[in-house]
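Residues per chain, in single letters:
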Amino acid sequence: MNGAQSLFKALTDAGLDTCFANPGTSEMQLVYEMGRTDSVRPILCLQESVVTGAADGYARMAGKPAFTLLHVGSGFANGIANLHNAGRANTPIINIVGANATYHQPNFPEHELISGRITDIAGPVSHWTREARSAAELGALGAEAVRHAMTGCGRISTLVAPTNCHWDPAPAPPVASAPVARPAVAQAAIAEAASQLGNGRRTGLLLGAHALHDEALELAGRIAAATGAQLLGETFPARLARGEGRVQVQLVPYFLEMATPFLAEYEQLILVGAQPPVSTFAYQNAVTHKASPDCELWTLASPDQDLCGALQALAEAVGAGDAAPARQPRVEPPAPTGPLASGAIGQSVARLLPENAILVDESATAGLELYANSMGARKHEYLYAIPGGAIGNGLPAALGASIACPERKVVALQADGSGMYTNQALWSMARENCDITVVVLKNDAYAVLNVELARVREGDPTPGMLSMLELDRPSIDWVKLAEGMGVPAVAVASAEDFDAQFARAMAESGPRLIEASIAQDLQPVVDLIMMQRQQS
């Protein structure tokens, strides 16, 4: 047995069976060994951000990690943005990064980083990072990488594997160990939360991580029904059980100007798997916390703890056994008509999305109305693509989710500007014949930056400012781009045409792209920001 064989045995013994890969010369021994077995399904991706983003989407739906195969330090660096998103989503991933042989690295060949090692750049986006020193330890490190990735609610492990560690003789890896159980919440914390829910103060139960999955959300809904607390969700949920029959939960708005009045009524927030609600960025003369300074924040459970167990214990403590949660009713709006806007797309999604679909959202500013108008769709899983705010994960996450759940329809709502970061994912969708419908929300702009510019500008924006926000010179032709990568595509500009094409896509299987040119008016948001600037 060589080191590569020992590593793959460690990974497969632990239950891993899917690899998203963009290999190079230093990974050829690993490619050879993987190709000799049927125990691992390799998925070739044409850029490393697609690799890491697909591994993120896969694990969010599969409930277990995939592993990635990346080429040296520069290849790993290309995948960092979506590893950041995955880390913020609490997604388990194991990265295998090839490197020059240990004895060749001191010769400083071209792929060596100019000032540091691969582990140096892996550390900020990994919870665990190691570089093998010999083939003898490669399998053991592989087993350790899986164990760390499966700790808590999900972590990122990165193992750097020099080439001589692949081909040199190695012992069999250690026996795979069971994942470490998530720690239970202390009974004293349960009692304190129950006391707070009964103190008469206006209370929000702010849920995040696995607390937004179906089973935990059911428990939270019963607690809310029994105590009068309101169910809230973190702004960017990695996965949310949503749609008809699901427990209703309101997400904290992204924009500070909307979030502060949204949370103003609450006297206390009890956090279950969620971080305190803060502004993504700091702005001049603006608060950074979305909740009122008078609102007490108290954490019942961190994301790494047993959230279902905590909610079950809390439900028992407040006598919520027979309480009936508020559920989302089915809302089937009429077919939309007229000019195409994001709200009309939301109507079509509500009408036509099949039951148990997966909705991957990187719709950016178009998502404000789209999300609201699609809440009454048939039950589905909702994945916010970029919990870390690093744009460009919508298409890769949809690819990974489809590989994890090939029997389910996947719909990717993708803003046009951020979609260009990882459009190579379309090729992998076609190659794997994924049942994914991509809806490109085409406004020919980085529209959110028009909102952000309003926070700093005086007077009207100049042509020079707008030139860095607009994408219309030239306008991107997503139909040609998709067809060039093997994905059938169509362009629409009216609500009627979109509804008809979306209905067709929902009735057929396989990859498909709809370029939806939308009319968008963000002036009310800009006016709100300008007004609050003047008041401050």
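Our subject is the structure listed above.
Residues numbered from 1 in each chain as written. Predicted model: local features only at pLDDT ≥ 70, side-chain atom pairs only at ≥ 80, totals over all residues. Heavy atoms only, no water.

Undergrad: So what exactly am I meant to see when it comes to the side chain of Arg457 here?
TA: Looking at where Arg457 falls in the secondary structure, it is placed in the loop between α18 (447-453) and α19 (463-467). Buried charged residue Arg457 carries no salt bridge. Nearest counter-charge: Asp460, at 4.5 Å. At 2.5 Å, the side chain of Arg457 forms a polar contact with the backbone oxygen of Gly459. For Arg457, the contacting residues outside a window of four places in its chain are Val526, Met530 and Arg533. (Helix = DSSP H or I, 4+ residues; strand = E, 2+ residues; numbered from the N terminus. Buried < 20%, exposed > 50% of the residue type's maximum accessible area, 1.4 Å probe, protein only. Lys, Arg positive; Asp, Glu negative; His and termini not counted. Salt bridge = Lys/Arg side-chain N within 4 Å of Asp/Glu carboxyl O. Polar contact = N/O pair within 3.5 Å; in protein donor to acceptor, adjacent residues only side chain to side chain. Contact = heavy atoms within 4.5 Å.)

Undergrad: What's the story with unusual backbone geometry in this structure? I'm lost.
TA: With glycine set apart, most residues show a phi of negative sign, and most peptide bonds adopt trans. At the junction of Arg473 and Pro474, the peptide bond is cis and its omega measures out at 5 degrees in the coordinates. Within the fold, Pro474 resides in the loop between α19 and α20 (478-484). Here Ala209, not a glycine, exhibits a phi torsion of approximately 50 degrees, which is positive. Tracing the sequence through the fold places Ala209 in the loop between β7 (203-207) and α10 (214-227). For Ala209, a relative accessible area of 9% translates into the label buried. Despite not being glycine, Asn285 shows a phi value in the positive range, around 60 degrees. As for its placement among the helices and strands, Asn285 is situated in the loop between β11 (268-272) and β12 (296-301).

Undergrad: Sorry if this is basic, but what is going on with the sheet that holds strand β1 (residues 18-22) here?
TA: Neighbouring strands of a sheet are bound in pairs by backbone hydrogen bonds; such pairs are parallel or else antiparallel. One open sheet accounts for 6 strands, arranged β2-β1-β3-β4-β6-β5; its pairing is parallel. Across the chains shown, the open sheet's two edge strands, defined by having one partner strand only, are β2 (41-44) and β5 (128-131). The mean angle between the axes of side-by-side strands here comes to 20 degrees, regardless of whether they run parallel or antiparallel. Bridge analysis of strand β3 (residues 67-71) against strand β4 (residues 93-99) gives 5 bridges, and the strand direction is parallel. Bridge pairing links His71 to Gly98 in β4. (Pairing = 2+ DSSP bridges. Axes fitted to C-alpha atoms, helices over the stretch in contact; angles between N-to-C directions.)

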